[in-house]
Amino acid sequence: MIHTHLRLFPTHVFTFRLEKNKNQQWLDHIKTQGVQSQYGWQTDSELHSLELFKPLKNAVSETIAEANKALGYEDDYDLDFTSMWGQVLASDQAFYPHAHANNFWSGVYYVATPGEDDSNTIEFFDPRQQAHVLIPRKKSRTPDTPSSSQAINIPAGWGVIF
């Protein structure tokens, strides 16, 4: 008989929609100012300092403030953008699992997606080591019974804060 059910150490993921976006201008900037390689285009990490990207920076700041409030964090922090860059991946390219060191919040904003394929999917991996060793079979997949990852499809004009 279950006496208590606790959810310990959850990963909080918040989405936001930027209705008045500059997606086409942002995409043009990334492609013209970014360095092209076999993996696509990537800009430098200072987009947060450009006036062009101010609406996105403001939306991220607002979303983080709301997330902090929802989670009961103090609200007297000054948000510091450590980096913000643009990336357009080439066909059949993806980011490998990685961590964003020295950041409490991280995020992704989708300027453009080519359609309904996996290119607009972000996948989160369970950080617990044991989650990748023994994985019981499940009747159904839910956020509380994932395998070692969960994927979310994000359309263009939407962002994810985690």
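Before going into details, it helps to say that this report is about the structure given with it. (Residues numbered from 1 in each chain as written. Predicted model: local features only at pLDDT ≥ 70, side-chain atom pairs only at ≥ 80, totals over all residues. Heavy atoms only, no water.)

**A closer look at the sheet that holds strand 1 (residues 14-17)**
Rules: By this definition, two strands are paired if DSSP reports at least two bridges between them. Secondary structure elements are defined from DSSP: runs of H or I of at least 4 residues count as helices, runs of E of at least 2 residues count as strands, and each element is numbered from the N terminus. Axis definition: a line fit to C-alpha positions, over the contact stretch in the case of helices; interaxial angles, taken between N-to-C directions, run 0 to 180 degrees. By definition, residues are in contact when any of their heavy atoms lie within 4.5 Å.
Read across the sheet, 3 strands follow the order 1-8-5 without closing on themselves; strand pairing throughout is antiparallel. For this open sheet the edge positions go to strand 1 and strand 5 (107-109), each flanked by a neighbour on one side alone. Looking at each pair of strands side by side, their axes are set apart by 15 degrees on average, direction ignored. The pairing of strand 1 with strand 8 (residues 158-161) spans 4 bridges and is antiparallel. By the bridge assignment for strand 8, Arg17 is matched with Trp158. Along the sheet face, helix 2 (residues 54-70) touches strand 1, strand 5 and strand 8 and points at about 140 degrees away from the line of strand 1.

**Describing the sheet that holds strand 4 (residues 87-89)**
An order of 2-3-4 is seen for the 3 strands of this open sheet, with the pairing classed as antiparallel. The outermost strands of the open sheet, each flanked by one partner alone, are strand 2 (35-37) and strand 4. Between one strand axis and the next, the sheet turns through 20 degrees on average, direction left out of account. Relative to strand 4, strand 3 (residues 40-42) is paired through 3 bridges, and the arrangement is antiparallel. Opposite Gln42, over in strand 4, you have Gln87 as the bridge partner.

**Quick notes on the nonpolar core**
Rules: Put simply, a nonpolar core is a bunch of buried Ala, Val, Leu, Ile, Met, Phe, Trp, Tyr and Cys residues held in one set by side-chain atoms that sit within 4.5 Å of each other. Burial status follows relative accessibility: with a 1.4 Å probe on protein chains alone, a residue under 20% of its type maximum counts as buried, one over 50% as exposed, and anything between as partly exposed.
Of all hydrophobic cores here, the largest spans 19 residues; its most connected members are Phe16, Trp26, Leu56, Val60 and Tyr109. Elements that contribute at least two residues to this core include exactly helix 1 (23-33) and helix 2. The element best represented in this core is helix 2, accounting for 5 residues. Residue contacts for Tyr109: discarding those within four places in its chain leaves Phe16, Leu18, Asn21, Asn23, Trp26, Leu56, Gly157, Trp158 and Gly159.

**Points about the packing of aromatic side chains**
The test is simple: By convention, a stacked pair of Phe, Tyr or Trp rings (six-membered ring in the case of Trp) has centres within 6.5 Å and planes under 30 degrees apart, an edge-to-face pair has planes over 60 apart, and any other such pair is tilted.
Scanning the model with the defined rule gives 7 aromatic pairs in all. For the pair Phe16 and Tyr109, a centre-to-centre distance of 6.2 Å together with 20 degrees between the ring planes defines the contact as stacked. With Phe16 in strand 1 and Tyr109 in strand 5, this pair connects stretches of sequence that are 93 residues apart. A centroid spacing of 5.7 Å and a plane angle of 80 degrees characterise the contact between Trp26 and Tyr109, whose relative ring orientation is edge-to-face. Of this pair, Trp26 sits in helix 1 while Tyr109 sits in strand 5, placing them 83 residues apart in sequence. Each member of the aromatic cluster is reached from another via a ring pair, and the members are Phe14, Tyr73, Phe104 and Trp105.

**Let's talk about the pattern of salt bridges**
The criterion, for reference: Salt bridge, as applied in this entry: a Lys or Arg side-chain nitrogen positioned within 4 Å of an Asp or Glu carboxyl oxygen.
Considering all chains together, one arrives at 1 salt bridge under this definition. A salt bridge links Asp126 to Arg128, with the nearest nitrogen and oxygen atoms 2.5 Å apart.

**Points about helix 1**
For the record, the criterion: By arc we mean the arc of the directions from the helix axis to the C-beta atoms, nothing more.
Within helix 1, the full set of buried residues consists of Asn23, Trp26, Leu27, His29 and Ile30. For helix 1, the angular spread of the buried residues around the axis is 160 degrees, confining them to a single face. Relative to its buried face, helix 1 has exposed residues pointing more than 90 degrees away, namely Gln24 and Thr32. Buried residues belonging to helix 1 abut strand 3, helix 2, strand 4 and strand 5.

**Overview of the pairing of strand 8**
Within a regular beta strand, the side chains point alternately toward one face of the sheet and then the other, so they alternate between its two faces. In terms of strand pairing, strand 5 meets strand 8 through 3 bridges, oriented antiparallel. By the bridge assignment for strand 8, Tyr109 is matched with Gly159.

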